[in-house]
Amino acid sequence: MKNWDQFLSPYKQAVEELKVKLKGMRKQYEQASSHSPIEFVTGRVKPIASILDKANQKGIPLDKLETEMQDIAGLRMMCQFVDDIKRVVELLRNRNDFEIVEERDYISHKKVSGYRSYHVVIRYPVQTINGEKKILAEIQIRTLAMNFWATIEHSVNYKYKGQFPEDIKMRLQRAAEAAFRLDEEMSLIRGEIQDAQAFFTKKKEQQENT
């Protein structure tokens, strides 16, 4: 790869544009005074070192990165409740500014590690001075509890380079189940939580207007 800046430029543009669009979906719910299934949105372009590591692990030639590595551009959409994830996926399916290439449901079919999330791979058109360029991007949709676990697991995985000691592996699996049970319990009192949040928001607005 001779020029990484040039190669990554459309990916960076895609991430910035998609963050604006996906955050805009949340804003529309707020303006309608309706519960937003989207808590917040983040995005990043995979660092060069991580791209090279993954290419080496997966046996992806550098000249095939555009077609074979789906997460160089990555977005995360956080939700309060597991049911919100289904709503967000449906919102993405109904959009016409990108094409969904693949969906992977790691919530109904969790990974052995305990990892849960819903992945949507899209083909997104970026407008450049040389014309339109369609790139792959991955959108991960998960609850806050799932994200907490995944962030910790990623850090531990980096330390052990994927070779977890058995006791750490078991503890992480138990922690993943605990996080999912937390999501399930929160779903059971979803109505109470949303009523409390709506009350808090209304009171805050009244205070700001006085």
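Here we summarise the structure given alongside this text. Predicted, not measured: the structure shown is a model, and the values here were computed from it.

With respect to the secondary-structure elements, Gln197 resides in helix 7 (residues 190-209). Gln197 gets classed as partly exposed once you look at its relative accessible area, which sits at 30%. Considering only alpha carbons, one finds Gln197 and His35, 162 residues apart in sequence, at a separation of 9.4 Å.

Here the focus is the packing of helix 5 (residues 144-160) against helix 6 (residues 166-188). Axis separation between helix 5 and helix 6 bottoms out at 9 Å; the angle between their running directions is 170 degrees. Of the possible angle classes, the one that applies to helix 5 and helix 6 is roughly antiparallel. Pair helix 5 / helix 6 crosses with left-handed handedness. Residues Ala145, Met146, Trp149, Glu153, Val156 and Tyr160 of helix 5 form the contact with helix 6, whose own contacting residues are Ile168, Leu172, Ala175, Ala176, Ala179, Phe180, Leu182 and Asp183.

Glancing now at the environment of Leu172. Structurally, Leu172 is set in helix 6. In this structure the C-alpha to C-alpha distance between Leu172 and Trp149, which are 23 residues apart in sequence, comes to 8.2 Å. Ignoring anything within four residues of it in the chain, the contact list for Leu172 reads Ser113, Trp149, Glu153, Val156 and Phe164.

Two numbers describe a pair of aromatic rings. These are the distance of the centres and the angle of the planes. Taken as a whole and judged by the stated rule, the model has four aromatic pairs. When the ring of Trp4 is compared with that of Phe7, the centres are 5.8 Å apart and the planes differ by 80 degrees; the resulting orientation is edge-to-face. Remark: Phe7 and Trp4 occur in helix 1 (residues 4-31); sequence separation between them is three residues, near one turn of the helix. Neither residue differs from the other here; Trp4 and Phe7 are each classed as buried. With 5.4 Å between their ring centres and 45 degrees between their planes, Phe7 and Tyr11 make a pair best called tilted. With Phe7 and Tyr11 both in helix 1, this residue pair falls four residues apart, about one helical turn. In this structure, Phe7 and Tyr11 share a single accessibility class: buried. Members of the aromatic cluster, connected to one another through ring pairs, are Trp4, Phe7 and Tyr11. Sitting above the plane of the Tyr106 ring, Lys111 keeps its charged end 4.8 Å from the centroid. The positively charged end of Lys111 is found above the aromatic ring belonging to Tyr115, 5.0 Å away from the centroid.

What follows is about helix 6. In this model helix 6 runs 34 Å from its N-terminal to its C-terminal C-alpha over 23 residues, within 8% of the 33 Å that 1.5 Å per residue would give. What helix 6 keeps buried is the set Leu172, Ala176, Ala179, Phe180 and Asp183. On its buried face, helix 6 is in contact with helix 4 (82-93), strand 5 (131-143) and helix 5.

Take Gln140: it is sitting in strand 5. Within the structure, Gln140 has its side chain in polar contact with the side chain of Arg76 (distance 3.0 Å). Among residues more than four places away in sequence, those in contact with Gln140 are Leu75, Arg76, Met77, Tyr115, Ser117, Tyr118 and His119.

This paragraph deals with the nonpolar core. Nonpolar side chains in soluble globular proteins tend to be buried together. By size, the foremost hydrophobic cluster in this structure holds 40 residues, and its most contacted members are Leu65, Ile72, Met77, Leu92, Ile139 and Ile141. Elements supplying a minimum of two residues to this core: helix 1, strand 1 (40-45), helix 2 (48-58), strand 2 (73-79), helix 4, strand 4 (118-128) and strand 5. No other element matches the nine residues that helix 1 contributes to this core. In contact with Met77, other than residues within four places in its own chain, are Leu22, Ile38, Phe40, Val41, Val88, Leu92, Ile139, Gln140, Ile141 and Arg142. Within the second largest apolar cluster, seven residues are counted, among which are Trp149, Phe164, Leu172 and Ala176.

Turning to the pairing of strand 2, a few remarks are in order. Two faces belong to every sheet, and in a regular strand the side chains alternate between them. With six of its seven residues buried, strand 2 lies for the most part within the structure. Two elements, strand 2 and strand 5, share seven bridges in a ladder whose sense is parallel. If you follow Met77 over to strand 5, its bridge partner there is Ile141.

About the thresholds
Residues numbered from 1 in each chain as written. Predicted model: local features only at pLDDT ≥ 70, side-chain atom pairs only at ≥ 80, totals over all residues. Heavy atoms only, no water. Helix = DSSP H or I, 4+ residues; strand = E, 2+ residues; numbered from the N terminus. Buried < 20%, exposed > 50% of the residue type's maximum accessible area, 1.4 Å probe, protein only. Axes fitted to C-alpha atoms, helices over the stretch in contact; angles between N-to-C directions. Parallel < 35°, antiparallel > 145°, perpendicular 65-115°, else oblique. Left-handed = near helix turned anticlockwise from the far one by under 90°. Contact = heavy atoms within 4.5 Å. Phe/Tyr/Trp six-rings, centres within 6.5 Å; stacked < 30°, edge-to-face > 60°. Lys NZ or Arg CZ within 6 Å of the ring centre and 35° of its normal. Expected span 1.5 Å × (residues − 1). Polar contact = N/O pair within 3.5 Å; in protein donor to acceptor, adjacent residues only side chain to side chain. Core = buried A, V, L, I, M, F, W, Y, C linked by side-chain atoms within 4.5 Å. Pairing = 2+ DSSP bridges.

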